[in-house]
Amino acid sequence: MAQMTLFLRDYAGLDGARPVTGGVPIAEGSAPAGTAFALRDGGGQPVPVQATPLARWKDGSTRWALLDLVGAAPADGQAEYTLSWGEEAAPAAPQAPVRASGDAALVAGETSLRADEEALLRIGEALRVDMTLIDEHGERLRASVDRVEVEAAGPLRGTLQLHGAFVRPSGERWFTMRLRASVYAGSTMVRLEPLIIVDADEGILQRIRELALTITPSVPSAEARLGGDAPHTAPAGSSMRLFQVDDERYVIEGSADGAATGGKAPGWAELDTGDGRVAVALREFWQQWPKSLEVRPDGLAIGLLPRFAEGAFAHVEPWHKYQYLFDGDCYQLRTGQARRWEIWLDTAGDGASLARHADAPLVPAADPAAAIDTGVWDEIFPAGSPEMAEYDVWAENLFHAYTHAIEVQRDYGAMNWGDWYGERQVNWGNHEYDTTNQVLIQYARTADPRYLYVADAAAMKRIF
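Residues numbered from 1 in each chain as written. Predicted model: local features only at pLDDT ≥ 70, side-chain atom pairs only at ≥ 80, totals over all residues. Heavy atoms only, no water.

**A closer look at the sheet that holds strand E4 (residues 46–47)**
Taking strand neighbours across the sheet as the criterion, the five strands line up as E4-E3-E7-E1-E32 in an open arrangement whose pairing is antiparallel. The open sheet has two free edges, formed respectively by E4 and strand E32 (365–366), since each of these has just one partner strand. Inspection of the sheet shows strand E3 (residues 37–40) paired to strand E7 (residues 78–85) by four bridges, in the antiparallel sense. Counterpart to Leu 39 in the pairing with E7 is Leu 83. (Pairing = 2+ DSSP bridges. Helix = DSSP H or I, 4+ residues; strand = E, 2+ residues; numbered from the N terminus.)

Below you can see the structure in the form of structure tokens.
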């Protein structure tokens, strides 16, 4: 039976169990099709795990395995697990495994997801999720669903993918929409990944005034909170919006205390309903400005592309670095682009902790020596090897220089986050492959999730 040590390292300052998803490399031939995987914690106790082949070697054996579990590490510390596979592996089953219910629903304990004709998605019976868009003429469009796919059906994670489009009032299809929604055994968290693909049949630039993901509880909320430098409270029936104007400033609109401002909002909100507290958090909220969180009498709107007044971003200079996204009071997106966001919802959590989880998720990092021995990473050496002493210092210094430059140059924004600026004075790096590749190699060499977080932003950027 083969085995590998995995590490969960916490950078969120959180102690509790959380959903964990990540890939680990597997040596050629060691995990033929149908191989069972099992997991144990540092004390030798079995931990339920879901292992899905992501890629295979030429002989059909697993090359990369996607692991899903609910795991924990001490706050700002590290926990050790052991992954094993082969004929003697005995996987543990969760107490309440995720299961599919028909063709368009998933159930995980008391949490459920289902597609709905009236709403885009329902979470249990208490929450309705929709995507709404306002076009340049002020017409409000609601995403419609054409097809629902059960992408994963447990036992640890279940994922629905909803395929659809935004349709104009005339009945004409505008562009594609997708929503992936995931639930986890043993957790009250739900992961939402909305995606738009700007594939309109006509026109080079598409103009949008607003795009939002809305969450509507069946019972009006008694109170709501928006997470800023300090929480901002909205009484029942009121409206309030936190608008992240740029990477350094947000404003509160509609506060009874008058105008309020702050710096880098963490990107969370809470609704107190008759069924308890619902928390939501948008990953990399301020980094992807402009963004908004808006309390309305009927629920909450997460501004993926929030509405704005003409000239709202005129202060952000230089113009050629930031302004090409905005035209008047509209966003202009080029046909061929796709944009994706990651939102976490917890039906029994608090917003501040959820935001920290969203920005620094736990990932199963393979022991560097074992990961490199699989052959997936080609000819590299683990950090700390005597031969790599000089290189290790150089690589770490370069990583810090890279991330520091992003901060100092303010390389943030909905179109720009994850990229870097200025190689030829006025250009973005445009996702050059070597940035992502080299940072991921450092992740393999160190098992340090800091590198994975940066590489993920550089590779995905929530915009392609």
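Having seen it, we continue.
**A few points about the pairing of strand E6 (residues 62–71)**
Of all ten residues that make up E6, seven are buried, and the element is covered over most of its length. Bridge analysis of strand E5 (residues 50–56) against E6 gives six bridges, and the strand direction is antiparallel. Across the sheet, residue Gln 50 finds its bridge partner in E6, namely Asp 68. Hairpin connection between E5 and E6: a loop of five residues separates the two successive antiparallel strands, and Gly 60 in this loop has a positive phi of roughly 90°. (Buried < 20%, exposed > 50% of the residue type's maximum accessible area, 1.4 Å probe, protein only.)

**Structural notes on unusual backbone geometry**
Look at the link from Trp 289 to Pro 290: it is a cis peptide, with omega at -5°. As for its placement among the helices and strands, Pro 290 is situated in the loop between strand E25 (276–282) and strand E26 (291–296). Omega for the bond connecting Glu 317 with Pro 318 falls within 30 degrees of zero, at 0°, which places this linkage in the cis form. Here Pro 318 is to be found in the loop between strand E27 (299–305) and helix H1 (319–322). Positioned with a positive phi, Arg 410 is a non-glycine residue whose angle comes to about 60°. Mapped onto the elements of the fold, Arg 410 is located in the loop between helix H4 (389–409) and helix H5 (433–446). Arg 410 gets classed as partly exposed once you look at its relative accessible area, which sits at 25%.

**Describing the sheet that holds E6**
Whether parallel or antiparallel, the strands of a sheet pair through hydrogen bonds between backbone atoms. Sheet architecture is open: three strands sit in the order E2-E6-E5, paired in antiparallel fashion. Only two strands of the sheet have a single partner each, and these edge strands are strand E2 (18–25) and E5. Mean inter-strand twist for the sheet, computed between neighbouring axes without regard to direction, equals 20°. (Axes fitted to C-alpha atoms, helices over the stretch in contact; angles between N-to-C directions.)

**Here's the deal with the packing of aromatic side chains**
Tallying each qualifying case throughout the model produces 19 aromatic pairs. Measuring from centroid to centroid gives 5.0 Å for Phe 308 and Phe 313, while their planes differ by 55°, and the two rings are tilted. Phe 313 shares its class with Phe 308; the two are buried. Members of the aromatic cluster, joined through ring pairs, are Phe 243, Trp 289, Phe 308, Phe 313, Tyr 322, Phe 326 and Tyr 331. Positioned above the aromatic ring of Phe 243 is the side chain of Arg 241, whose terminal nitrogen or guanidinium carbon lies 4.3 Å from the ring centre. (Phe/Tyr/Trp six-rings, centres within 6.5 Å; stacked < 30°, edge-to-face > 60°. Lys NZ or Arg CZ within 6 Å of the ring centre and 35° of its normal.)

**Details of the nonpolar core**
Counting residues in each nonpolar core, the largest one holds 88 residues, and the members touching the most others are Leu 121, Met 131, Phe 166, Leu 211 and Ile 302. Sorting elements by how many residues they give to this core places strand E16 (residues 173–184) first, with six residues. Residue contacts for Leu 121: discarding those within four places in its chain leaves Leu 113, Arg 114, Ala 115, Leu 127, Arg 128, Val 129, Leu 160, Leu 179, Ala 181 and Leu 192. One finds Phe 37, Ala 73, Val 376 and Ile 380 within the second-largest nonpolar core, a separate group that totals 29 residues. (Core = buried A, V, L, I, M, F, W, Y, C linked by side-chain atoms within 4.5 Å. Contact = heavy atoms within 4.5 Å.)

**Side note on the pairing of strand E17 (residues 189–197)**
Taken across its nine residues, E17 has eight buried, putting it largely inside the fold. One ladder, built from eight bridges, connects E16 with E17; its direction is antiparallel. Within the sheet, the bridge partner assigned to Leu 179 lies in E17 and is Pro 194. Taking the residues between adjacent antiparallel strands as the criterion, E16 and E17 are bridged by four residues, where Gly 186 takes a positive phi near 80°. Pairing analysis gives four bridges linking E17 to strand E31 (residues 343–346), with the strands arranged antiparallel. Pairing of Val 190 across the sheet is with Leu 345, part of E31. Where E17 meets strand E30 (residues 338–340), three bridges bridge the pair, whose relative direction is antiparallel. Looking at E30, one finds that Leu 195 is bridged to Arg 340.

**A closer look at the side chain of Arg 340**
Counting through the fold element by element, Arg 340 comes out in strand E30. For Arg 340, the side chain forms a polar contact with the side chain of Glu 193, separated by 2.8 Å. (Polar contact = N/O pair within 3.5 Å; in protein donor to acceptor, adjacent residues only side chain to side chain.)

**Comments concerning H5**
Taking 1.5 Å of rise per residue, the 14 residues of H5 would be expected to cover 20 Å, and the 20 Å separating its terminal C-alpha atoms lies within 8% of that figure. Taken as a whole, H5 has its buried residues at Thr 435, Thr 436, Val 439, Ile 441, Gln 442, Tyr 443, Ala 444 and Arg 445. Count one or two residues on from H5 and you reach Ala 447, which has phi positive near 60°. (Expected span 1.5 Å × (residues − 1).)

**Re the pattern of salt bridges**
Overall, the coordinates contain 39 salt bridges when judged by the stated rule. Put simply, Glu 342 and Arg 191 hold a salt bridge, and the shortest N to O gap is 3.2 Å. Taken together, the residues Glu 342 in the loop between E30 and E31 and Arg 191 in strand E17 connect sequence positions 151 residues apart. Its relative accessible area of 18% is what places Arg 191 among the buried residues. Here Arg 277 and Asp 272 are joined by a salt bridge, their closest N and O atoms 3.5 Å apart. (Salt bridge = Lys/Arg side-chain N within 4 Å of Asp/Glu carboxyl O.)

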